[in-house]
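Summary of the model geometry
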Amino acid sequence: MRRFLFITGILIPVIILAGCGNNTLANDEHLMLDFKSNVDIKSDEIQMNANITRDKSGTTSLEVTSPETLKGLVFDHSSTENSISKDGLSYKTDAVVLPNSSVVVSIMDALDCMSEMEEEKPFYKDDKEMAFIGKIDVGKFEVRADRKTGFIKEIKIGEKITASFSKQGS
């Protein structure tokens, strides 16, 4: 009987302690970098809306839906190829042809940077939200995401660019 109580007295705390710290949510503290979303982009120079898609391989496609003058403009970005197209005309290259300060390039660079920092823990978190920081060519950026789903809510690049994501899915 003593042996049973001794073994039970050791096993139960070990089992309880082994369960501590395990997360039941698959996406807890990780960003969902494979998604489809609407994005509202605001900067000192432009305000636009777009549909953005990013897959597991890191390929990102952004199609501008407004303003009307840019509607239909599509930016495709991957590690090996980049293209810009509109109304049947397209330009493909292995390098990004837009300046690093471009709003679209900055957003894609921030997503690529977060993909490279996938194991990074958030610098801020509460019950609903988590935030990550990083640095790209144009400066520091912050990504805020839903803590339970990992869906990105907002990317802020410096004080000049804000991209707000909505209606996300994967």
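Coordinates for the structure precede this section.
None of the values given here were measured: they were computed from a predicted structure.

As for unusual backbone geometry
A cis amide bond links serine 66 with the next residue in sequence, proline 67, at an omega value of 10°. Considering the arrangement of structural elements, one finds proline 67 in the loop between strand E3 (60-66) and strand E4 (74-77). For aspartate 87, which is not glycine, the phi torsion reads 50° and is therefore positive. Its place among the elements puts aspartate 87 in the loop between strand E5 (82-86) and strand E6 (89-93).

Describing the pairing of E5
Relative to E5, E4 is paired through 4 bridges, and the arrangement is antiparallel. Paired with valine 74 across the strands is serine 85, a residue of E5. With antiparallel pairing between neighbouring strands as the criterion, E4 and E5 make up a hairpin whose turn holds 4 residues. Once E5 ends, the chain turns through 2 residues before running back antiparallel as E6, passing aspartate 87 with a positive phi of about 50°.

Focus on the side chain of serine 83
Along the chain, serine 83 falls in strand E5. What makes serine 83 buried here is its relative accessible area of 10%. For serine 83, the contacting residues outside a window of four places in its chain are Val74, Phe75, Asp76, Tyr91 and Lys92.

Rules and cut-offs
- Residues numbered from 1 in each chain as written.
- Predicted model: local features only at pLDDT ≥ 70, side-chain atom pairs only at ≥ 80, totals over all residues.
- Heavy atoms only, no water.
- Helix = DSSP H or I, 4+ residues; strand = E, 2+ residues; numbered from the N terminus.
- Pairing = 2+ DSSP bridges.
- Buried < 20%, exposed > 50% of the residue type's maximum accessible area, 1.4 Å probe, protein only.
- Contact = heavy atoms within 4.5 Å.

In short, shape yes, function no, at least from these values alone.
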